[in-house]
Amino acid sequence: MRATVLRTQTNAAARRPGRLILTGLAILVASFVVFGTVLVQQITEQTVRDNLSGTPAATDLVIGSTDVLPPTVADARRIQTVPGVAEAAARVATGVSIGEGYLNLQSDPGTGPLTTVRVTEGSYPDQPGEIAITPRTAERLGLSVGTKTSGMGGELTTPAALTVTGLVDAGRDAGYDAYAPDSAVIGWARLTAVERVDVRVAPGTSTASVRQRVTAAVAGQPIRSGAEVRQAEANAAADEVGKLFVLVGMFVSIAVVAAALVVTSTFRIVFAQRMRQLALLRAVGANRGTLVGALTAEGALTGLVAGVVGVASALALGHALPAILRASGLAVSSPGLPLAAAVAVVLGAVVITVLAVLAPAVSAARVSPLEALRTASTTAGRRGIGVPRLVLGLLLAVGAVLAAVATISLLPKPDQSNYDPSRPLFLLVASGALAFFALVALGPLLVRPVLAVVGWPLRQFGPLGRMSVGGIGGTPRRAAAVSVVVALGVTLISGVLIGGASLQVLADREMALSAPTDFEVTSNGGTLPPAVVTQAEAAHAALARVVPYRMVGDATLLRGADRLGDVESGYPTSDLDLAALPSTGDLDVAQGALADRGPGRIVLNSWVARDAGLRAGDTVTLAVASHRVDVRVAAVLPGDGPLHAGILADPADLDRLGVPAAYTGLLADAAGTGEDGRTAGVRALRQAIAGTDGVGLTVLADERDRNDSLVRTLVWIAVGLVGLTVLIAVVGVGSTTALSVVERVRESGLLRAIGLSRTGLRTMLTVESGLYGVIGATIGLLLGIPYAWLAVQALGIEAPLTAPLLPLAGLFVVLVALTALAGVLPARRASRVSPVAALGVDG
């Protein structure tokens, strides 16, 4: 009997491959995602290895390593004279301070197989004091071919002349890159050592023999082949990619769990549609164990087919996409053929499907043989949950609450300096996991109250709305199974959005302190000539605002005759006008209000306030040399002060303290947008500086752009990863709706017979699908917001909780739209069935 029942079930499944794929669709997508991730990692790592090595392909030997003392200049010259060495390029870099900024001067041959740059304008340097620069460096520093300037770097003690002879394309352009041959760099900077020496062996000469000669010439220096160095550089970059994919794997694992939940729900629906058949098998002698085995085997077959199709699809796309990208000019490598990973993914799909089918199979096997006497082939799903499940769900919920309370108790206190986020983060993850499994257990009980709230507007639209809500409420276990997966995806995405928005606010605050404007002109400890400020203020076409300031480094705080704090040299104090800066609104205060700053009222950063033992509202004496002025603390910042100032005072107070009226620096914003506006601002300020000694220009906007780009990139990567769970949820909604349409053919026919149009039926079923998204998104947001707040606080980074209402509302709408779209095709299929044919179906 066991073999007969097993053969009956598996043959029935094999005869309907469409139903088989539909049942295992979530596993198919999960298999595609998992194996696709393996292929993407291979593509990324191989592309990195093939394209991101900094050592030219023509390099045969590399002398020197960061693990030992670097080669000397004398070593480099000896290597150049070794027989069999066609070319030896010493690699060295040194920072160069020029009047208006900074250069990273790097050695490169400029021509030949060992070069990494290409001249695009002018000529490449060949003498000490000559440099070639990148285009962005030329724009930022106001340099051009033929420009003569001076700078200090390396072992120089006085400025030496520099002449720009050309522009080069170096592949990457940070805006401060300069190049010259090794002899020119060494001669100009008076260097005595280099970082390494790249050697190209003469054609027809044995690399091994040259290596022996070089070893004799520079004893003690490590020598590696060029291939070894290139492989090490590529492996280092690939290791970073591997670390990233560890994080990706975590999110993929969550998607796999979601797929298992969806498949469990799908099998419940499928088995419920076959209750009469299962009861007949019981009636002819099959026991419960036999049925469980047969249904489990059907699940294994479903997992096998879904896994194979998912892996094959990912493999086809993984090899086709790089070829298409290469045809469009992008350097993308192809993956290999990871057979072991493919087999592991298929076996994993089978195992997960078997585990997912066990509970529905055991439940279905309990059918009584008397159910075979029913006229309907399906049975109504249970609406409630059993007592054991209720108790388990409550215990899980209590555990989640207790873990969350423990997390809150471990959150950092104000001014806590030795905070370790590992324990609260661990407890937070545990709380989230317990909350999710509690939601799985108690979901059927939560569907009705949530549906009563979110479904109320639909009920106001007449019979169609009421039937749509009733269709979901009539099967709460099914609705809960699908909505829980949607809720998981929404919880993760909302957490990412809230965390990302909070980090963005924190980054904005940090940038408002360290980079409050696009540009800063400083005097390197001196004062700015008045003409620099005047000309900058007059450059209205290029600069939107110019805010000069004074900075004094030896201000002290006194109470009576007693000096406050432990700093001997005093606190850096500035009269920077915060009201004139657009970023002032991004600043936060720990105590008091920034608007209260004025004559006789100062603002302290958090460190100065702690060191001096002051709070907002305290009175104190501010002193510079022998001058004194009584002030009150108007506000205390939560961290550092703008431009790293410890005290912000009013200009009138600095005048009373005898601080010279000459400005020590100025801040400015570009009038135009984008790179062109920034370049125009740089040129205007350079014209104002006009070669004034000791005055430097810094483009603060570059740092701000890098920070903003980093935060945005991290958020989008995280959203994309957790979006995998949402994809699985949408697939689950589609398969659930498609199977429920089959289950409710007779109901659909009856509705059509009493007057419901095809459009009305399609609308009702589509709205039902959308309601899965509404329920899941509502629960997800209710969980996601508090957990996101706890996560931000547990990190200990002092980021404020920021709820991006528009993105969260967009997330809600998109999820509802996606789940509704997932039900469109099943709804169209249901509406095409003739009412007469539908009423003739038994069930």
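Please refer to the structure higher up on the page.
Quick caveat: nothing in here was measured; it's all calculated off a predicted structure.

Enquirer: So what about the overall build of the protein chain? Which residues, and what values?
Expert: For the protein chain, the helix and strand inventory stands at 26 helices and 23 strands. Going through the 843 residues of the protein chain one by one, you find that 49% of them count as buried. Within the protein chain, contacts between residues separated by at least 24 positions form 84% of all contacts whose residues are at least 6 apart in sequence. Summed over all atoms, the accessible surface of the protein chain reaches about 37500 Å², with 62% contributed by carbon and sulfur.

Enquirer: Residues and numbers for unusual backbone geometry, please.
Expert: Trans peptide bonds make up the majority, and among non-glycine residues the majority have a negative phi. Even without being a glycine, A625 presents a positive backbone phi close to 55 degrees. Relative to the helices and strands, A625 is located in the loop between β19 (619-624) and β20 (627-636). Positive phi is not limited to glycine here, since H644 has a value of about 65 degrees. Within the element layout of this structure, H644 appears in the loop between β20 and β21 (647-648). Classification of H644 by relative accessible area gives exposed; the value is 53%.

Enquirer: If you had to explain empty space enclosed by the protein to someone new, which residues and values would you point to?
Expert: Inspection of every chain in the model, using the stated rule, returns two cavities of 30 Å³ or more. If you add up the space inside the second largest cavity, you get close to 30 Å³. As for the second largest cavity, its lining consists of L439, G443, V447, A480, S483, V484, I775 and I779. Of all the secondary structure elements, the ones that give two or more residues to the lining of the second largest cavity are α13 (422-454), α16 (476-514) and α23 (758-794). Its residues placed into classes, the lining of the second largest cavity shows six nonpolar, two polar and no charged.

Enquirer: Would you mind going over helix α20 (residues 674-689) in detail, with residue names and values included?
Expert: The end-to-end C-alpha distance of α20, which contains 16 residues, comes to 23 Å, matching closely the 22 Å that a straight helix rising 1.5 Å per residue would cover. The complete set of buried residues in α20 reads G677, R678, T679, G681, V682, A684, L685, R686, A688 and I689. Of the residues one or two after α20, A690 is the one with positive phi, at around 50 degrees.

Enquirer: Hey, could you go over the pattern of salt bridges for me, with residue numbers and the actual values?
Expert: Tallied over the full model, the rule gives 10 salt bridges. Linking D169 and R118 is a salt bridge whose minimum nitrogen-to-oxygen distance equals 3.3 Å. Here the residue D169 occupies a position in strand β8 (residues 160-169), and R118 occupies one in strand β5 (residues 118-122), the gap between them amounting to 51 residues. You can call R118 partly exposed: its relative accessible area is 49%. The partner of R550 in a salt bridge is D655, and the shortest N-O contact between them spans 2.9 Å.

Enquirer: Describe the sheet that holds strand β10 (residues 196-201), listing the residues and the values that go with them.
Expert: Pairing is antiparallel in the open sheet, where four strands are placed in the order β2-β10-β1-β11. Two strands in the sheet have a free side with no partner beyond their single neighbour: β2 (85-91) and β11 (223-225). Averaged over all pairs of adjacent strands, the angle between their axes in this sheet comes to 25 degrees, without regard to strand direction. Bridge count between strand β1 (residues 61-63) and β10: three bridges; the pairing is antiparallel. Of the residues in β10, the one forming a bridge with L61 is V199. Across the sheet, helix α7 (residues 207-217) touches β1, β2, β10 and β11, and the angle it forms with β11 is around 165 degrees.

Enquirer: Give a description of the layout of surface pockets that names residues and reports values.
Expert: Of the pockets and cavities examined, the largest pocket occupies roughly 1500 Å³. Contributing to the lining of the largest pocket are 39 residues, with F251, I254, V429, L492 and V496 lying nearest its centre. Contributions of two or more residues to the lining of the largest pocket are made by α8 (226-273), α13, α16, α21 (700-743) and α23. Among the residues forming the lining of the largest pocket, the class breakdown is 32 nonpolar, seven polar and no charged.

Enquirer: Let's hear about a nonpolar patch on the surface: which residues, and what values?
Expert: On the surface, L317, L321 and I324 cluster together into a nonpolar patch covering about 280 Å² of accessible area. Assignment of secondary structure puts L321 in helix α10 (residues 288-327). The class for L321 is partly exposed, based on a relative accessible area of 42%.

What counts, and at which threshold
- Residues numbered from 1 in each chain as written.
- Predicted model: local features only at pLDDT ≥ 70, side-chain atom pairs only at ≥ 80, totals over all residues.
- Heavy atoms only, no water.
- Helix = DSSP H or I, 4+ residues; strand = E, 2+ residues; numbered from the N terminus.
- Buried < 20%, exposed > 50% of the residue type's maximum accessible area, 1.4 Å probe, protein only.
- Contact = heavy atoms within 4.5 Å.
- Areas by Shrake-Rupley, 256 points an atom, 1.4 Å probe, with all protein chains shown as cover.
- 1 Å grid on protein atoms, 1.4 Å probe; cavity = no way out; pocket = protein on both sides within 12 Å on 5 of 7 lines; lining within 4 Å.
- Points joined across faces, edges and corners; volume = space filled by probe spheres on them.
- Nonpolar A, V, L, I, M, F, W, Y, C, P; charged D, E, K, R; others polar.
- Expected span 1.5 Å × (residues − 1).
- Salt bridge = Lys/Arg side-chain N within 4 Å of Asp/Glu carboxyl O.
- Pairing = 2+ DSSP bridges.
- Axes fitted to C-alpha atoms, helices over the stretch in contact; angles between N-to-C directions.
- Patch = residues over 30% accessible without salt bridge, like charges linked within 9 Å, V, L, I, M, F, W, Y side chains within 5 Å.

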